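The lines below spell out each chain.
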Amino acid sequence: MPAHVLILGGTTEARRLAADLAARPGVRVTTSLAGRVARPEAVAGELRTGGFGGAQGLADWLRTHHVAALVDATHPFAEAITANAARAAAATGVPAIVLRRPGWRPVPGDRWYDVPSLSEAAEALPGLGRRVFLSTGRLGLAAFAHLADLHFVVRSVDPPAPPLPPHTELVLARGPFSVAAETELLRSHGVEVLVTKDSGGEATAAKLTAARELGLPVVVVRRPPLPPDVTAVPDVAGVLERLGLSAV
């Protein structure tokens, strides 16, 4: 049984894992958040906020705090953090596990356009609609800032920093969202096309159902690949199994 587990968090799955581990006698769990959200949700166990200073800084932290296992449960698009975690684990010999919920997959009735990046999502928009629901978070909006002929509805937990598209409405909200609420949002704003990252999970999936029922096209930014030699488990149960722990 690992004595100290470090979770690189920020996702629903990270909070669930922390709650499970913190309830087990003899297990110390620390969740690290990047600090990009002003009011993060509470987590069980210990909490630290802020970066480590790259892979070397993370490796130093693992050694100093006698971490027995590292769990990368960050957002699927936290590419730099995942790469640093893999390098730090390799440098220290600390066992590392990547927790990634499965990505979304289209079902009959969906009109999805897969793209590999936000910039290519921006390129696809002029041909799909003029009123855009941009549900990609508050980072990376600069990729759409040049689209002055389009109207954007941008949803994020905290207000985004400029540059933003010149015609932007902000919707500050935190999921989960219901299908009824998402349908009303799309209708009330006259949305013609949805842009989203392939985050996976249920908390923000209702917008995809709403778009399908309204017949709207959806531009889906696919996830970056994991670092070489890194594999992922899809859920908390998979992490517990890798840690040698049984489900509670």
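Our subject is the structure that appears above.
Note that the coordinates shown come from a computational prediction; the quantities given were computed from them, not determined experimentally.

Chemist: I would appreciate a short explanation of the overall build of the protein chain in the present structure.
Modeler: From N to C terminus, the protein chain includes 7 helices and 12 strands. Relative to its length of 248 residues, the protein chain is compact, with a C-alpha radius of gyration of 19 Å against a globular reference of 18 Å. Overall size of the protein chain, expressed as C-alpha extent along the three principal axes, is 55 × 35 × 35 Å. Burial analysis of the protein chain (248 residues in total) assigns 46% to the buried set. Residue pairs at least 24 apart in sequence account for 66% of intrachain contacts in the protein chain once pairs closer than 6 positions are excluded. Per element, the accessible surface of the protein chain, about 11700 Å² overall, is 55% carbon and sulfur. Mean positive and mean negative side-chain charge positions of the protein chain (25 and 23 charges, respectively) differ by 3 Å.

Chemist: Is there a simple way to explain helix H5 (residues 179–188) in this structure?
Modeler: Looking only at H5, the buried set comprises Glu182, Thr183, Leu185 and Leu186. Down the axis of H5, the sector holding all buried residues measures 160°, keeping them to one side. Projecting away from the buried face of H5 at angles above 90 degrees are the exposed residues Ala180 and Arg187. Tucked into the core, H5 has its buried residues touching strand E7 (131–135), strand E8 (151–156), strand E9 (168–172) and helix H6 (206–214). Residue Gly190 follows H5 closely and has a positive phi angle near 60°.

Chemist: Explain the nonpolar core to me, please; I cannot follow it from the model alone.
Modeler: Most often, soluble globular proteins have nonpolar side chains that are buried together. In terms of nonpolar packing, the biggest core is built from 19 residues, with Ile7, Leu17, Leu21, Val71 and Val239 touching the most fellow members. Looking at this core, the elements with two or more residues in it are strand E1 (4–8), helix H1 (12–22), strand E4 (69–72), strand E5 (96–99) and helix H7 (236–242). If you tally residues by element for this core, the top one is H1, at 4 residues. Not counting the four nearest positions on each side in its chain, Leu21 is found in contact with Val5, Ile7, Val27, Val29, Leu240, Leu243 and Leu245.

Chemist: Honestly, the sheet that holds E1 in this entry has me stumped. Any pointers?
Modeler: Spatially, 6 strands are ordered E3-E2-E1-E4-E5-E12 in an open sheet, and the strand pairing comes out parallel. Of all the strands in the sheet, the pair left with one neighbour each is strand E3 (46–49) and strand E12 (232–233). The sheet contact formed by E1 and strand E2 (residues 28–33) spans 5 bridges and is parallel. Of the residues in E2, the one forming a bridge with Leu6 is Thr30. Helix H2 (residues 54–64) rests against E1, E2, E3 and E4 of the sheet, and its axis sits at about 155° to E1.

Chemist: Looking at this structure, I do not really get the environment of Gly54. What am I missing?
Modeler: Assignment of secondary structure puts Gly54 in helix H2. Judged by its relative accessible area of 32%, Gly54 falls in the partly exposed class. With 30 residues separating them along the chain, Gly54 and Asn84 place their C-alpha atoms 6.1 Å apart.

Chemist: Mind showing me how you'd approach the pairing of E5 here?
Modeler: One face of the sheet, then the other: side chains in a regular strand alternate in exactly this way. In terms of strand pairing, E4 meets E5 through 3 bridges, oriented parallel. Within E5, the residue paired with Val71 across the bridge is Ile97. Once the chain exits E4 it traverses helix H3 (residues 79–92) before rejoining the sheet at E5, and the crossover so formed is right-handed. Bridge analysis of E5 against E12 gives 2 bridges, and the strand direction is parallel.

Chemist: Before we go on, may I ask you to explain H3 in this structure?
Modeler: An ideal rise of 1.5 Å per residue puts 20 Å on 14 residues; H3 measures up with 20 Å between its terminal C-alpha atoms. Of the residues making up H3, those classed as buried are Thr82, Ala83, Ala85, Ala88 and Ala89. Here the buried face of H3 lies against E1, H2, E4 and E5. Count one or two residues on from H3 and you reach Gly93, which has phi positive near 80°.

About the criteria used
- Along each chain, residues carry numbers from 1 onward, in the same order as the chain's sequence is written.
- Residue-level local features of this predicted model are given only where pLDDT is at least 70; pairs of side-chain atoms are given and counted only at 80 or more, and the full residue set underlies all totals for whole chains, interfaces and linings.
- Working from all heavy atoms in the structure, the side-chain values ignore hydrogens and water.
- Helix and strand definitions here come from DSSP, where helices need a minimum of 4 consecutive H or I residues and strands a minimum of 2 consecutive E residues; each element is numbered from the N-terminal end.
- Computation of the radius of gyration draws on C-alpha atoms, with the globule rule given as 2.2 Å multiplied by the number of residues to the power 0.38.
- To sort residues, take the accessible area from a 1.4 Å probe on protein chains only and compare it with the maximum for the residue type: under 20% means buried, over 50% means exposed, and anything in between is partly exposed.
- It only takes one pair of heavy atoms within 4.5 Å for two residues to be counted as in contact.
- Per-residue and other accessible areas were derived by the Shrake-Rupley procedure at a 1.4 Å probe size, with only the shown protein chains allowed to occlude residues.
- This count recognises Lys and Arg as positive and Asp and Glu as negative, with His and chain-terminal groups excluded.
- The location of each charge is read from NZ of Lys, CZ of Arg, CG of Asp or CD of Glu.
- Arc definition: it is the arc formed by the directions from the helix axis to the C-beta atoms.
- For this analysis, a nonpolar core means a set of buried residues of the types Ala, Val, Leu, Ile, Met, Phe, Trp, Tyr and Cys, connected via side-chain atoms within 4.5 Å.
- When DSSP finds two or more bridges between two strands, those strands count as paired.
- Axis lines are fitted through C-alpha atoms, for helices just across the contact stretch, and the angle between N-to-C directions can take any value from 0 to 180 degrees.
- Look down the strands so they point away from you; if going from the first strand over the helix to the second traces a clockwise path, that crossover is right-handed.
- The length a helix should cover is 1.5 Å for every residue beyond the first.

Read these as layout, nothing more, since geometry by itself doesn't imply function.
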